[in-house]
Each structure stands twice: as C-alpha cells, then as structure tokens.
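# Reading the structure
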Amino acid sequence: MHRTLIVAALASLAACAPEPEAPVRVSALVLTNSGTYVPQEVQLTTVTNVVSMEGVVAKLVGGARIRSDSQDPELINAPTEEAFGNAMIKGGGRDVTASFITHDGVLWPADFHTWNMVTAYYNFEKAFDYFRTVGNIPLADFGDPITVYYFPEFILADTSGEALKDNALYFPPVQAFMVLPFDELQRAPLAINAGIMAHEYSHLIFNKKVYGGRRLPEALIQWSGFAASPGANLLKSLDEGLADYHGFGTTCDSPTGCDTRFLRTSFDDKFSNDRDLAKSDRCMDVFLRTSLNQDNLSTFGGAGREYVVGSILASALYQAGQAGGLAQHKTLQRALVSAYSDTTPNNPGLAQLVNLTLGDQTNFNLISASAVIINHITDLPLKTAVCNEFIDHLAIPASALSTVCPPSAQGGNTCPRLPNP
Ligand SMILES: [Zn+2]
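In this text, all values refer to a predicted model and were calculated from it rather than measured experimentally. (Residues numbered from 1 in each chain as written. Predicted model: local features only at pLDDT ≥ 70, side-chain atom pairs only at ≥ 80, totals over all residues. Heavy atoms only, no water.)

Turning to the overall build of the protein, a few remarks are in order. Scanning the protein from N- to C-terminus turns up 15 helices and 14 strands. For 421 residues, the compact-globule formula gives about 22 Å, and the C-alpha radius of gyration of the protein, at 23 Å, lands near that figure. Along the longest, intermediate and shortest principal axes, the C-alpha atoms of the protein span 80 × 50 × 45 Å. Among the 421 residues that make up the protein, the fraction classed as buried is 52%. (Helix = DSSP H or I, 4+ residues; strand = E, 2+ residues; numbered from the N terminus. Rg over C-alpha atoms; globule rule 2.2 N^0.38 Å. Buried < 20%, exposed > 50% of the residue type's maximum accessible area, 1.4 Å probe, protein only.)

Here is the structure:
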C-alpha cells in the first residue's frame, strides 16, 4: 500500500476511536435521592458518533459565535427568515471532541467538558423519549438532529455587549439549543439538570407544533406590534407553563421519581419555590390579569410575567393530574401535546386557534386557549379536574367554559373569584 494511504488510514482510525454502535454504555452525571449528581452508567440509545456527540436527537457544536443586534445591517437586510437566523451566526463553530477512558465496556468521560456534554446529550435523549412515548409524537415529526451550540459566545447586543453566561436555552431564530459557559452559577450546571433540559426541549416542541417550526413565529411578530399584546403574552405564558409541566413529567421517568421542584439543584430556594409545581395556592389576580391583557410583550416579558402566569397554569395542571396519580399525569401530558396542533375539523389545536385569531389577538385568550386544551382531554374525571383547576386558579368564569366542561365543574375554592374584566 502506498504510504500516504496508510497514513490516511491511520489518521482516520485515531480520529474515530472509540466509535461503538448505539446503544453506547457511558457514565453520565445522574441525580440521586440525596440531591447530588453522581457518575452512573447509562445507555445512549440514539448516538451515532460519541466523540463528536451526535445522533438522532442532537448534534453538539463547539466554539460558535451568535450575535443578535438590531443595528446589524446583515440582520436588517436579510431577505428571509432563514437568512435572518443565519445572519446571527457569526461563527458556525466546529465538531466537539469528547474524550473517554474505557472501563469494563463503559465509556468514562476523561474531562469535565465530556462529563457535561455526555450528560447534556443523555438529558436531551430522555426529553426526546418523553415526547415520543408520553407525548405520542411520531418519530418523523422530530426532523433532523437539533443543533446544540456548546459553550458558544452568545451576545444579545441590544441588552448588553457581554456574552451571556450560566444559561441553557432553545433559541428559535437559529433553530438550536445553547448550553452557555459558566460564570457565577454555584450549583449544578444547567446541562446536567435533566428537568431543566427537558423544560428547554419542551420549547422546541412548542415551536415545532404551535408555531409550525418558525424561527420568527408569525403571531408573536404581528401581535407584539400593538400597544397591548394579550395574545402574544398568553402564548409566551402557555409556552413557559407547559414547559414546566413537561419538565416535571420527564422527572417521573427518572430513577429519583417525580420532582415538582426540579430547579432546586441549579437555583436558589426562592427561585425554585416560585416555580414549584406542587404549590397549590397560586392564583390569577387583578394586577396580573390586567398586565396579561393590556401590556405589550416587551413590558410583560421584561418583568418575567410569562413565568408567573405559566406557573399558575403549571400548578393547576399538576393538581388536576395528581388526583389520579402518575398514570393520570401521563394521560394529561399526552392530551396537552395533542392540543398543540390539531387539523381535525371542529377541534382546533392551539396552532389552529392562533391562525384563526391572527387578525384579532383578543380572541386568543385564557378562555379560548383553555377550551382548546380541555377539548383534547377525553378522560371525563380528568377533564372535570382540569376544568375545576382552570376556573379556580386562572379565574375563568365557569359560565365561559360551559360548552366544553361538564356541568359539575364549577371550580374549586382555593382562589378568590375576580370581578369581570
Ligand atoms: Zn422556558
């Protein structure tokens, strides 16, 4: 053999090892009952290249530079939504290189970033499994592996010139996740927190199903152009609340079981308690309802109120599911995903309701969106429970849901009834 061919053969061997077939046995950082993360053998069932961390679910990319800047001529002049998203990517990055030590047939990460990346991939895989099985989403609907920018430089120039740190997010304009570098976070890195990664993955599913996979969702763009953007505010609130309920849902399939405070290993007590799904006395109040209905998305979102409204929704769903235990939660979670998009005549999903109301966002409101969700719950006791929780916690008059709820559903009595707006 010519020596250059031998060199090439040797080089490819070195670059590709180890490259076992899925499922791959790896050690990842997994939460234990004591609240700490410890190395534990898991299987990556969808990975196709464990060195570059890519597979059916995701592909990690290192060293990317992403910059959103309203003054950027490349963004201003981008002719299409796709060009707009791509113009934000100032550096596309490159393959990551995970490094392992093989021990008894199990790949052990050899450095911190490999621990972080393997665990992130594993957590994405668990979220993917959840939406495929509990959510009943067909494999084909997931599309290509989603890009995960690992430790990118991510700058939102209109807010700050500094690169963002200590976060993990789904960023629709570039149709990718980002796992940002650490700075001050003293607790578990977000990529290692399975519930948080599932929360972020839920945003991808919401984008695919409710927004048709759009980088710049039509309804958010159109509706936020008005002084008051109740429809856009509600969409963001639904997205956050449902992401928390699904994040909780994925914890139920983990070794430590259902966890309503899955933020706690990464955030402080106050923040975690504010989002604890088991908190049963969250109520819509007049101030919040007024903000939802009368503020622009920049004010509403600027104050983080999508999380406040979202948490009321998430804990209402939790209470409704909890009455029937884990099986009831899964039934509800599947029903919710089925409500994201539904082209059945006379039974619109949220995507269809958005389209129907695009010309007047006041028609995309708590009542109409709740009705879409309730119409997708077929189990009568569960439907009744959701009706009762929504009437009570979201302060929806029982009469407004009388066409979709059983007559017995008149709401609980945890929250005060609000005067009509
Ligand atoms: Zn979120």
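Along the chain, T260 falls in the loop between α7 (230-251) and α8 (269-274). A distance of 2.7 Å separates polar atoms of two side chains, one belonging to T260 and the other to D276. Excluding its chain neighbours within four sequence positions, the residues that come into contact with T260 are F248, R275, D276, L277, A278 and Y318. (Polar contact = N/O pair within 3.5 Å; in protein donor to acceptor, adjacent residues only side chain to side chain. Contact = heavy atoms within 4.5 Å.)

What follows covers the state of the cysteines. Counted under the stated rule, the structure contains 3 disulfides. In this model, C387 is linked to C405 through a disulfide, with the two sulfur atoms separated by 2.0 Å. Judged by the sign of its S-S torsion, about -95°, the cystine formed by C387 and C405 is left-handed. Highlighted residues: C387 in helix α15 (residues 380-393) and C405 in the segment after α15, separated in sequence by 18 residues. Here C387 matches C405 in class, with each residue buried. Disulfides within the protein link the bonded cysteines, taken in sequence order, as 1-2, 3-6, 4-5. (Disulfide = S-S within 2.5 Å.)

If you walk through the whole model with that rule in mind, you get 18 aromatic pairs. On the numbers, 4.9 Å between centres and 90° between planes, the contact of Y130 with F131 is edge-to-face. Across the pair, exposure class does not vary: Y130 and F131 are buried alike. Measuring from centroid to centroid gives 5.9 Å for Y245 and F248, while their planes differ by 20°, and the two rings are stacked. Taken together, the residues Y245 and F248, both in helix α7 and 3 residues apart, mark about one turn of the helix. The exposure classification of Y245 matches that of F248, with both residues buried. Connected via pairs of aromatic rings, a cluster forms that spans F124, Y130, F131, Y170, F177 and Y201. (Phe/Tyr/Trp six-rings, centres within 6.5 Å; stacked < 30°, edge-to-face > 60°.)

For the rest of this paragraph, the subject is helix α14 (residues 366-375). With respect to burial, α14 is a largely interior element, 8 of its 10 residues being buried. Buried residues of α14: L366, S368, A369, S370, A371, V372, I373 and I374, and no others. Against α7, α9 (286-294), α12 (325-338), α13 (350-356) and α15 lie the buried residues of α14. The opening residue of α14 is N365, an N-cap whose side-chain oxygen sits 3.0 Å from the backbone nitrogen of I367.

Further remarks concern the confidence of the model for the protein. When pLDDT is low, close inspection of the predicted coordinates is not appropriate. On average, residues of the protein score 93 in pLDDT, and 95% of them reach the 70 mark or higher. Throughout residues 4-17 the model reports pLDDT below 50, and contacts reaching past four residues in sequence, or to other chains, amount to 4 contacts. (pLDDT = per-residue confidence, 0-100.)

Glancing now at helix α3 (residues 81-88). What α3 keeps buried is the set G85, A87 and M88. Looking down the long axis of α3, one finds its buried residues gathered within 160° of arc, a one-sided arrangement. Those residues of α3 that are buried lie in contact with β6 (65-68), α2 (73-76), β7 (89-91) and β13 (168-171). (Arc of directions from axis to C-beta.)

Let us look at the nonpolar core. The biggest cluster of nonpolar side chains holds 107 residues, and the ones touching the most others in it are Y201, L235, F364 and F390. For this core, the leading source of residues is helix α4 (residues 112-133), giving 10 residues. Residues in contact with Y201, not counting those within four places in the same chain, are V57, F124, A127, F128, F131, F142 and F177. With 14 residues, the next largest nonpolar core counts Y149, F171, A176 and M178 among its residues. (Core = buried A, V, L, I, M, F, W, Y, C linked by side-chain atoms within 4.5 Å.)

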